[in-house]
Each structure stands twice: as structure tokens, then as C-alpha cells.
Amino acid sequence: MADLLVSAVIPAVLKKVGDSLVQRIGEMWGIDDQRERLHSILLEVQAVLPDAEERVNANLAIKSWLEKIKSAAYDADDLLDEFCYEELRQDAVRHGQKVGNLSGFFSLENPALFQYKMSRKLKKIVGRICDLVVQMRTFRFGQGQHVSVANRAKTDSLVVESEVAGRDEDKEEIVRILLDSSEIADLTIVPVVGMGGLGKTALAQLVYNDSRVQKHFKLSLWVCVSTEFNISLLVKSIIELAMELLKNRLHQGLAGKRFLLVLDDVWNENVDEWKRLRSMLNCGDLGSTIILTTRSGRVVSIMGTVENYNMGCLGEEISWNLFRKRAFSMGVKESRELVEIGKKMVQNCGGLPLAINTLGSLMSYKNELREWLAIYEDSKIWETRSADNQVLPVLKLSYDQLPPYMKQCFAFCAIFPKDYEMDKEKLIQYWMAHGFIPSNGPGSLEMKGSDIFNELAWRSFFHDVKQVCPSTLVYAHRSQKKPTKDLGLSVLSPITLRYGKGDGYCSEIKCKMHDLMHDLAQSIMGAECLSTLETPAQLNQPIIDIRHISTKNVPLDINKTMNCFPSLRSLISTCRNGSGYARNIGFLKSNSLRILEFKVYNRLLEKTRVTPENMKYLRYLELRCSDTLLPEAISTLYLLQTLRLSLCAQLLKLPEGMRYMTSLRHLHIEKCYNLISMPSGFGVLNRLQKLTTYIVGAGLGNSIAELKNLNLHGTLNLYNLREVRDVVNAREANLIAKVNVDNLALCWGKPDNYRRADFEVAGSNDPDIVHCNPHEVLNALKPCDKLKVLQVTQYTGDEFPVWMTEYSMLENLIELYIIDCRQCTNIPPVDKLPFLQILDLKFLNNLIHLCHSGSNSGESGEDTPVAFPSLKVMVLSGIPNLSSWCEVEVENEASLTFPVLKKLDIINCPKLTSMPISPLLEKLSIKGNKTLSCFATRLTTLQGLLLENHGRDAKISNESLSFQPWECLNNLSISGYDNILPIDANGGNEESLTLTKCQCLNLTSCNFILSSDIVPNSSLWFWKCFMFLEELVIRHCENLIYWPEEELRCLICLKSIYVGFCPYFLGSPSKRSITGSLLPKLEFIWIEHCPNLVEIPKRSTSVRGVFINGCPKLQCLPEWLGSMVTLRKLKIVDCEKVQSLPLTIGGLTSLEKLVISRCPNIRVLPEGLLHQLKNLDQLQIECCPHLERQFKNDSKYRCQTSKLRFTKIGGDPVY
């Protein structure tokens, strides 16, 4: 089913041939006649492509011809890019770029030789295409010999209800909609939307034949519309279907009757045609309804009148039952082996009824196990064009309706792995890099790309489309330890509760493709796309045709990859963890790459001489690196449109010559925390639309005035505003005219300052420099009034400028951050902003109150003060003088209401004595305020609660905490309380205190949690409250000496346990050790920084992960470890007295990852260990000199690691 997509490639090349820059080059170099000839023959080829692509499957000679044309077009594209590159290079040299020491372009050394070689290349390509045109004429395209495009079979209203599975709820919902619309005067349109094969027609048939529906409507009609939306034929079909209307006109026949009309499989996107039909049908009685089924969201936007009904995929159980009914209906015996294979097949169908039925019908004729295995193991089963497979042809109907450029955009998505979450902005930048987006007509390429994305989503090619709120805060303490998903722990530290996914300004759009849509895209791309490169061994099989590759969790040898795939145009890394690093990145050979995305480690870029002349075609470059400097040669990538360097945390500087990269449109450098300055001359990059970060400098070339003429979009973080020399300079930045900037951060410090709380704003050390008044600077940086997100950080003025107090300037804000503005006594009047969802205030030393007024009444008319009508998240941190919520004193401040607040953090605000009423509050964090902690017991809606009485290392005070049986709580963190008392509202019944929904418990510096020899069982009541707990963290507990077996026995559902920083913890069983099952469901054990740990007691045999770190007295690992047949991950770190691994460790047959680090006394691994660990996939050994020498010197060890996907011995990975 591979689609050569030549009709999308040729127009892009034609556009370049006719480009004014290429024309100018042709005239200068004396090759304009060849350019014009190329243009004319490509026009001739383009004219016959529609007919040629229709006939490709019926004529192998035409297919071969199209493949050759496409290859020649790609070569022409490379050559034209080379012309453009050379012209831009010469222009850069004329404007002062010194490139002699950066590379050895032969064009620079001998321009005449370059022109001669380019002329010969162009002549050769023109000759190739001319020969193909001669062959083209023999096919006699356009003379009526084409094969018509297959259309979908007509449908009718008949249905066998027993064959439709899993749609009862969908049917009932639509029937309800139909019956409830009986009093609606206007004609009701109920759209049923979903991708091909989902069962839209079957659902419409069920509804149509329902007895309640038939009784409700006097007249019911079914019309299959399909791709041809012809008014005359459609009206004729409706009349012919209604027998009583044969002698009357349509309008007369329908007038006064309540009718139901089903229009199945609608593709029409012509508004005028639909309006004509609707005017004819809008004559029935009240409640007349049309059900239309469609794959296209655009059809819905044109034809729908009520909210569309979006169909979902079938669930796992229903999918299996549907397959089972088909597959075992023709005498195939339902054996255990076939059921096991069948369930795996059904998973590949992704809940799509058409796929399940088709596959079930296919398997119903396969009686042998080997036949089932052969089909299951055939990864290309979906590419078959036989009658056995109806799925992809059905989906391809949607694809065939797309224009060529949109087909190409969709098919490119085959490069991603299945179930990969695609980012809309990046996807558009990929399309731009390949020239897929047509440049003719109004609007930028980015806007057109957005339209293409929306169109594909509307047509159900993409699914699970959602808006995501990015992390917009540039101020963050980065020293906190992140949760380790490796070991199943999500509550490692009692940090501030995170914002939810749906809170704030959702500026990023993510989506996925259904697995079968991915199969369709892959079948269209054929041999051109490899998704994904999963093993280095694939590099040993050169394939010339592959043009697009993605890699996942494999080391990437770029030079070898380029040699293996010489036609490669995309090389993308889709791994999301620490693996998949690149090496050999010198680009020693010329290539056709347009997109390159990779990660490097160990400052590899600084150690490698990059050869930019072999990267000249690059349009998209994304790097993740630990380098402090990037090669200056990057500034010679003159065709580069997108440069992404986000999260290059060690990067100090960008290439100085970036002002010569005149094609640059997107520069992403967010979270480059150590970046100290910007290259000079950014103001000349007039195509730049995305500049996520700009660091203001004191010089003329990197002052804030460089932003003056840039038409920026999206996020703009301005750092180092302390270097603004005068107000005129700030005003020249012209922020008020940047209407497309919706996320703005104004920061007086540099990026690295936002990892420290003790920063003091200071300007240059030069005593002769006079810095501008910060109030005047902030006033001059007035943005447009369309901002969604605003952040002001380390501003040293004592009040905010007028524009920040104007309602009209702030009324569109969704997020506001004011951080480390220690002199300000007030914040802007934001408590009445209609859309504000997140308010984050930190380190405001002089702030006394929050709201400017508390007298606004609620909707009910009662005099209840209401503030922040849309606020969902509020963070108040480090505000020592905040003593009241309202500036204007209200009669009862405790009655102040935040009506929709979901998350509230109050950290180190000791003078606050009351809390607002928050009826929807779900997550609450209180640190450093003893008075407010008692309010938590009154909140019954809480799902997450963090109570911290003091800093982690502070001395424990004799403070008690009241314990409340919160009904909804699923995450509880308690820190610094020496006692806890139960609040029992049901007269002493322990069951009333059980937290049935609580899954995560984090206890820090809480000695009350353990019973003592003096008072045994004193804390058992507390542990019995957590019988449904799944994750437990215990830290800084001085009373913990032995495993608290009595307490842990209460936790029958526990899956993960973490014990850390407990100085007296020995790890041995308690003196009161008990018999019986203990933690039967435990899967993960993590023990770290327990200096007295000497033993790891045996726990459940279901454990899947063990991590031991920083336990210097531990001398050996237990022998029973080898019996943990379910163990998948084992990490031993910083245990200096451990001398060997137990001999039984070879019994860990499920082990996938083994890490041994900073254990210098381990000398050898048990004999044959790596052969015994059959499932071992990753091995990491660091700072273990004896072991490292063994692997370095002993070939037996090296041989044993050859089968592993990832091995790291010592400093660098071994592949």
C-alpha cells in the first residue's frame, strides 16, 4: 500500500526552482537556462502526477517510473539547497563573518570551481529528468486509461444486533438525545464522530432500529452519503426511500411530520451545499432530527447543531469477547495456547471493532497453532492487500481525501513509535524542515502548519488531542530530589504539592495516533521510514531507500548511521530517559539531513571537530548536551530554521556568529540555567518568531533594544534586566507591539540566580556605570494587554508601575508569578481578575495583605466576601509579614471565600492566623505555621495534605497534631510532629479512622510513628488507619532501629517502601519479631543513607526492585536475594564494605538492570553470572576499580556484555 507521494514532492521542488534567490544565483552563475529547463520539465511532470498515482498499483512500470522521478526530485532539492546555502554563506562573509578557521569549504577556496561543479550537477539532474519525461510520454497519462479510485460500499439501515459488541451505552445516550429533542423547533443535527473502523455506522443502525426511536418519529429514512455530496442525487435518494413521497415534492412530503434521517458516512465540507440541503429539510415538525456519521471534525463544525458524540474504542474485555466470538465460530478449538496468542493479537487492534472483526474472521479458518503464531509474528500483517484484510483500505479512504501536502504531513508521523505523544509545535517545525507546508498564499508557515495539524485532528488521524500546561516558572529550587519511577516511589520528599495538568494556561498541544492509523502511515511510507532503530545491529544492514529514522533507547553512532543510510533526511531520538546518547558526531560524510535530534554526554561536542559543510541542509537541530560551549561552526548552518537547546543546563554561551543565521525562526533555550550572555546582533534576525530566553547585556549588540523589530510569538523570558542602561533603551524593546507574546517573564537576575534563594540583585562591578531605576524600567516594558502568563522576579522597586494596576492590562491573565520582590509592600489588584487560575507569590518580605478588597458579594446575593473567582492554585511562600487576607478589614475574615480554589500552599508565613473558605480545595500544604495546621482537620474535600512543623534538620519540638479521618485523602505528608492524637467522631471505633483512599504516606522526623519498649503498641492505632496504603516513605526517624514489623503488618496492600536518613537503623528484625505474612504485596525496597545498616531482612517474594545506597557498614548482601525470581532491578551504591555478590544471585532470572557503583571492595562477579541472568538488559559499573579492570582486561567479561542493550563500565558507555 506504499504511497510514493510524488505529487507532494514535486510542487516543493518547483517552488524552490522558481524562488527569487535561486533565480538570482542562476543569473549570477550563468546557469539560468538550465534552471528554467528544470522548471519547465517539472511542470510537465506535475501535470500528469494525479493520473500516474491512480494507476501506480495496476502498473509496475509506472511505479518504477514514479520512484525514479521522486529520487531525482530529492537530488534536485539537495542541489537547489546547496545553491541557496552558498549564496547565504557569501552574504554572511560580505557582512563580516570570519569562517576561514571554522571549516574548509571548497567554495570558499575556489568559487569558480564550485560554480563549475554545481553547473555540472544541475545539468546531470536535468538530463535524468528529461529521460524520465521521455519514458513518461509512453504511458499516455491523462487519456482515459486510469483506474478509478475504490469507494466504500453503500450502507443501509439493517443490522444484526448480536454482532455489535460494546455499544449499548453509546446507543442509549444517542437515543436519549433524540427523545429529549422533541420540543426543539430547529432541525437538530446529532454528529457521531470517530476514525474509520470504529463502528459509527453500526451504532447508527442500532439507534435507527430501536423500537423507541421508530415509535417517536413518524418517518425514518437512511441515506448513505459517502464521498460524493450531490444535492440532486441526495434529495432523489431521500424521496425514493420515502414511498409515500414519490408523487410529492420533498418539502410537501416532510412538512408537519417529525422525521428521523440518518446520513451515514458524510464527507462533505462545502458549507453552501449543506445550507441548500438543510433549507429543504427544515420543514418538519418539532423534534425532527438528523443523525450523521463522519470521520471529520470539519464536517461537524459545518453541519452539527448539538454537541457531537465522540465514539471511543472498545475496552479490553469487550474487544476480546468480540474477537473470541468470530475466531472460534468455525470449529477452531479454543485452546489455552490459542487464547494466549489471540489476546495479544487483540491488543494490537487498539479497540477498533473493524480491526477486531476482520482479524477474528481471518483466524476462524486457522486451526493450527503454527498458523496463529505465523500471523501474530508477522509484523507486516496490515500491509497485505488481500480480501482477508479490510482495515487499512477502510482507513485509507480518509487518507485519499487529503490534498498531497497533507498526505505527506500525515505519513511523516510514521517516524514516531506507536503510542508516542507528539508535540504540535515540534511536529510543525519538522514539517517545515522538510518543506511539506506550502508557502503560497497568506499566512506564515507556522500558521499553515497549525491549520494542517487541526485538519488532521478533525479528520480523526490524530487522537487523544489535549492541551498541556508547560512549566512556565523560571524560578525554581533545583536541589530537591526527584521521585524515582524506576523503583515505583512517587512520594520521596515532602515537597510542595505540584500543579495539576489542567491548571493554568495550557499553551502546549499534544496528541497521539491510534495504532492502526500508525500502521496506515507506515504502510504509506513503506521502506522510506524506519521506526524505530532499536538495536545497533540494524546499522550493519545498509538500506539506500530509508530517508527517515527514529531511535529509542539505543546508542547512536551518527557517522555509522550516515554511512548505512546515505539518503537519510530525518534522524530523531524519541527516548525519554538517560539512554540513547550519540557518539561519533563529526559528520565526516556529506548527507541530506534536514532534521537532526540527539543527546550527547561528557562534553562530547567540545571534543569533536564538527564538519558543518556536511550538515549544510539542516533545517532543524535539537541537542541535549552537558557541554559548556557549542562549536562556533553551528553559526554557519545558514538554512537552519529551528535550533532547540532546552535543558542544556551547563551551557555558558551560544555561538557568537548567530546573527548570520538569517533563516532562523525558532530558538529554544529555556532551562539553560548557566547561560551568561547572548551573542550580539540578534536584532537582524528578522525571521525569528520564537525566542524563549533573552539575557540583556550592557553592550550595544546585546542590549534589550535588539528585540525592537522582532515579531516574537509564545514565551519570552527576559533576564538580567539590571543591565538596562536607560528607559529609552527599555522602551525600544517595543514589548507593547508584540501582540503574539502570551507568556512573559521579566527577571532582574540571570538564569543561574533562579536556583538560589539568597540572591541579592547587583549590577555591574564598574563604579562608573549608573543603573536605571527599576521602577522606570518595568514601566517602560509595558506589554500588550493579551498576556496569559506574567512573571516578575527579583524586581527591586518598592511599588509596581501603573500598567500593573490597570484592570484592562491584566484581565486576560491566567497565571501570575511575583517572586523575590522584597521591597514591594503591595501586589497588583488581581483578586477580581476573571480568568486568573494560578497565583504564585514568593519572598515578598514587606507584603502585609493579599486582597485589595473583600466586600464583593457572592452570586447568591448574600454578603459573603468572594475573591479570586477563577483561581485554582495559590502559592504563598516566604512572606514573613503577611498577616491578613484583605487590605480592607471585613467583619469576619475567616468567611472570605475562594470559590474554586483546588490547591493551596502556605509556606513560612507565620503571621497568618486564618484560612479562606475553599469548598473545592483538594491539596493543601502548610509549612512553618502551627496555627494554620489545625484548619486541615476541618477540610473534608482534601485529596493531598502536607503538614510540616519545622525544617528538616531542626530540633523536634513537643508538638501534637490532630488526626482526622479524611474521606478523600490519597496522599499524606507529615513532618516534624512529636505526637499525633486521633479525632474520633464515632465514639472510639478504630474503623472510623481508616483512610480508605490513602495510597501514599510520607513521614519525616516523626518519632511518634513507632511503638517503644516502654509503651508497646502505642502507635498501632495510627498504622491501622492505612491498611490500603501502597507507598510509604520514612525519613529522619531517630527512633527507627529495627524493622517495625508490628506496625508494617497493618499495611497489607503496601507496594513500595523507602527508608532514608535514619541514623540508628540496623535493618535487623525487631526483638518483638512476629511470625506470619509481612507486606505480601511489596514490590520495591529503597534504603539509603542509613550509616548503621548491617542487614537486609527478607521480605515478600514479589519484590521487583531493590536499591541500597550510602550504607557504609553493610558487609554483604543476603543469600536469599537469589530466590527473588521476580526481581527486575538491583542497585547497590556507595556500600564500601560489601566485598562480593552472593553466589545465589544467578537465580535472578527476571533481572533486567544491575547497577554497582562506588563499591570499591567488590573484586569479581560470580562465575558465569551474566550468562545466568538471561533477561539482563542493562549493566552499569562505576567507581569499582577491581571490577572495571576485569572488564577491561578479560575478554571473557567483554564477551558476556555483547548481548546487552546498554553497558556502562567506568566513565563512558560501552556498545
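About the cut-offs
- Residues numbered from 1 in each chain as written.
- Predicted model: local features only at pLDDT ≥ 70, side-chain atom pairs only at ≥ 80, totals over all residues.
- Heavy atoms only, no water.
- UniProt positions renumbered as here; feature names shortened; annotations may be inferred.
- Helix = DSSP H or I, 4+ residues; strand = E, 2+ residues; numbered from the N terminus.
- Buried < 20%, exposed > 50% of the residue type's maximum accessible area, 1.4 Å probe, protein only.
- Contact = heavy atoms within 4.5 Å.
- Areas by Shrake-Rupley, 256 points an atom, 1.4 Å probe, with all protein chains shown as cover.
- Core = buried A, V, L, I, M, F, W, Y, C linked by side-chain atoms within 4.5 Å.
- Phe/Tyr/Trp six-rings, centres within 6.5 Å; stacked < 30°, edge-to-face > 60°.
- Lys NZ or Arg CZ within 6 Å of the ring centre and 35° of its normal.
- Pairing = 2+ DSSP bridges.
- Salt bridge = Lys/Arg side-chain N within 4 Å of Asp/Glu carboxyl O.
- Axes fitted to C-alpha atoms, helices over the stretch in contact; angles between N-to-C directions.
- Parallel < 35°, antiparallel > 145°, perpendicular 65-115°, else oblique.
- Left-handed = near helix turned anticlockwise from the far one by under 90°.
- Nonpolar A, V, L, I, M, F, W, Y, C, P; charged D, E, K, R; others polar.
- pLDDT = per-residue confidence, 0-100.
- Expected span 1.5 Å × (residues − 1).
- Bend = angle between axes of the 7 residues up to and from the residue.
- Patch = residues over 30% accessible without salt bridge, like charges linked within 9 Å, V, L, I, M, F, W, Y side chains within 5 Å.
- Disulfide = S-S within 2.5 Å.
- Polar contact = N/O pair within 3.5 Å; in protein donor to acceptor, adjacent residues only side chain to side chain.

For the protein chain, the name recorded in an unreviewed UniProt entry is NBS-LRR-like resistance protein, with Rhynchospora pubera as its organism. Quoted verbatim from the Sequence similarities (unreviewed entry) heading of the UniProt record, the comment on the protein chain is "Belongs to the disease resistance NB-LRR family."

Draft legend 1. Examining the overall build of the protein chain more closely. What the protein chain contains, in helices and strands, is 33 helices and 43 strands. Sorting the 1215 residues of the protein chain into buried and exposed places 55% on the buried side. Long-range contacts, defined as pairs at least 24 residues apart, comprise 68% of the intrachain contacts of the protein chain with a sequence gap of at least 6. Carbon and sulfur atoms provide 49% of the accessible area of the protein chain, an area that totals close to 51,400 Å².

Draft legend 2. The nonpolar core, seen in detail. The biggest cluster of nonpolar side chains holds 198 residues, and the ones touching the most others in it are Phe 868, Met 874, Phe 963, Phe 1022, Phe 1026 and Leu 1032. Broken down by element, the residue count for this core peaks at five residues, all from strand β21 (residues 741-747). Among the nonpolar cores identified, the runner-up in size contains 80 residues, and Val 262, Ile 341, Phe 416 and Tyr 420 belong to it.

Draft legend 3. Region of the structure containing the packing of aromatic side chains. Under the counting rule described, the total for this entry stands at 28 aromatic pairs. Geometrically, the ring pair formed by Tyr 85 and Tyr 638 is tilted, given 5.2 Å between the ring centres and 50° between the ring planes. One end of the pair, Tyr 85, is in helix α4 (residues 60-94); the other, Tyr 638, is in the loop between β15 (620-624) and β16 (642-644), with 553 residues separating them in the sequence. Comparing Tyr 85 with Tyr 638, the two get one shared label, buried. Taken together, the ring pairs in this structure connect Phe 412, Phe 416, Tyr 420, Tyr 430, Phe 436 and Tyr 620 into an aromatic cluster. One residue, Lys 1131, lies across the ring of Phe 1107, its end atom 5.8 Å from the ring centre.

Draft legend 4. Quick look at the pairing of strand β30 (residues 944-948). Of all five residues that make up β30, five are buried, and the element is covered over most of its length. Covered by surrounding structure in β30 are Gly 944, Leu 946 and Glu 948 together with Leu 945 and Leu 947, the residues of both alternating faces. Bridge analysis of strand β29 (residues 923-927) against β30 gives five bridges, and the strand direction is parallel. Within β30, the position partnered with Ile 926 by the bridge is Leu 947. Strand direction decides the pairing type here: β30 and strand β32 (residues 971-975), joined by five bridges, are parallel. Residue Glu 948 lies in a different strand from β32, and its bridge partner there is Ser 975.

Draft legend 5. Inspection of the sheet that holds strand β7 (residues 463-468) at higher detail. Strand order in the open sheet formed by three strands is β6-β8-β7, and the pairing between neighbours is antiparallel. Taken across any chain shown, the strands that pair with only one partner, and hence form the sheet edges, are β6 (422-423) and β7. As judged from the four bridges shared by β7 and strand β8 (residues 508-512), these two strands associate in the antiparallel manner. Paired with Val 468 across the strands is Glu 508, a residue of β8.

Draft legend 6. How the structure looks around the pattern of salt bridges. Summed over all chains, the structure comprises 46 salt bridges. The salt bridge involving Lys 171 is made with Asp 210; its shortest N-O contact spans 3.2 Å. With Lys 171 in helix α7 (residues 168-180) and Asp 210 in the loop between α8 (200-209) and α9 (211-216), the pair connects residues that are 39 residues apart, well separated along the chain. Accessibility classification places Lys 171 together with Asp 210 in one group, the buried group. A salt bridge links Arg 212 to Glu 172, with the nearest nitrogen and oxygen atoms 2.9 Å apart.

Draft legend 7. Summary view of the packing of α4 against helix α6 (residues 111-138). Running from N to C, α4 and α6 point in directions that differ by 155°, and their axes come no closer than 10 Å. Comparing the axis directions of α4 and α6 gives the class roughly antiparallel. Relative to α6, α4 is oriented so that their crossing is left-handed. On α6, the residues that touch Trp 65, Lys 68, Ile 69, Ser 71, Ala 72, Asp 75, Ala 76, Leu 79, Glu 82, Phe 83 and Glu 86 of α4 are Phe 114, Met 118, Lys 121, Leu 122, Ile 125, Arg 128, Ile 129, Leu 132, Gln 135 and Met 136. Of the residues assigned to the contact of α4 with α6, the class counts are 13 nonpolar, two polar and six charged.

Draft legend 8. Geometry of the confidence of the model for the protein chain. Per-residue pLDDT for the protein chain has a mean of 80; in total, 79% of the residues score no lower than 70. Low pLDDT, under 50, characterises residues 102-109; the stretch is placed with 23 contacts to residues that sit more than four places away or in other chains. Every residue in residues 472-501 scores below 50 in pLDDT, and together they form 106 contacts with partners more than four places removed in sequence or on other chains.

Draft legend 9. Seen up close, helix α3 (residues 32-54). Across its 23 residues, α3 extends 34 Å between first and last C-alpha, which sits within 8% of the 33 Å expected from 1.5 Å per residue. Its maximal kink placed at Val 48, α3 deviates by approximately 45°, while the proline Pro 50 follows within four residues. Restricting attention to buried positions, one finds in α3 the residues Asp 32, Gln 34, Arg 35, Leu 38, Ile 41, Leu 42, Val 45, Val 48, Leu 49, Asp 51 and Ala 52.

Draft legend 10. Summary view of helix α1 (residues 6-17). Compared with an ideal rise of 1.5 Å per residue, which puts 12 residues at 16 Å, α1 spans 16 Å between its outermost C-alpha atoms and is within 8% of the ideal. Along α1, the residues classified as buried are Val 6, Ser 7, Ala 8, Val 9, Ile 10, Val 13, Leu 14 and Val 17. The inward-facing, buried residues of α1 abut α2 (20-29), α3, α4 and α19 (404-412).

Draft legend 11. The packing of α1 against α4, seen in detail. Axis separation between α1 and α4 bottoms out at 10 Å; the angle between their running directions is 30°. With respect to α4, the element α1 is oriented roughly parallel. In this structure, α1 meets α4 at a crossing whose hand is left-handed. Of the residues in α4, those touching α1 at Val 6, Val 9, Ile 10, Val 13, Lys 16 and Val 17 are Leu 66, Ile 69, Lys 70, Ala 73, Tyr 74, Ala 76, Asp 77, Leu 80 and Asp 81. Of the residues that constitute the contact of α1 with α4, the class distribution is 11 nonpolar, no polar and four charged.

Draft legend 12. Examining a nonpolar patch on the surface more closely. On the surface, a cluster of nonpolar side chains totalling about 230 Å² of accessible area is made up of Leu 629, Leu 652 and Ile 676. Here Ile 676 shows up in the loop between β17 (666-668) and β18 (690-691).

Draft legend 13. View of the state of the cysteines. If you walk through the whole model with that rule in mind, you get zero disulfides. Not part of a disulfide, Cys 413 finds its nearest cysteine sulfur in Cys 511, a span of 7.1 Å. Residue class for Cys 413 comes out buried when judged on its relative accessible area of 0%. Not engaged in a disulfide, the cysteine Cys 1183 finds its nearest cysteine sulfur in Cys 1184; these two sulfurs lie 7.0 Å apart.

Draft legend 14. The arrangement of the environment of Trp 803 in detail. By secondary structure assignment, the location of Trp 803 is in the loop between β22 (789-793) and α27 (807-810). Once the C-alpha coordinates of Trp 803 and Ala 780 are considered, the two residues, 23 residues apart in sequence, prove to be 9.7 Å apart. Setting aside anything within four residues of it in sequence, one finds Trp 803 in contact with Leu 778, Asn 779, Leu 781, Lys 782, Pro 783, Leu 790 and Met 809. Within the local environment of Trp 803, its side chain forms a polar contact with the backbone oxygen of Leu 778, the two atoms lying 2.9 Å apart.

Draft legend 15. Layout of unusual backbone geometry. Of note in this structure, Lys 671 is not a glycine but carries a positive phi near 65°. In this fold, Lys 671 is placed in the loop between β17 and β18. Classification of Lys 671 by relative accessible area gives partly exposed; the value is 35%. The phi angle at Asn 734 is positive, at roughly 60°, despite the residue not being glycine. Tracing the backbone through its elements, the reader meets Asn 734 in the loop between α25 (727-732) and β21.

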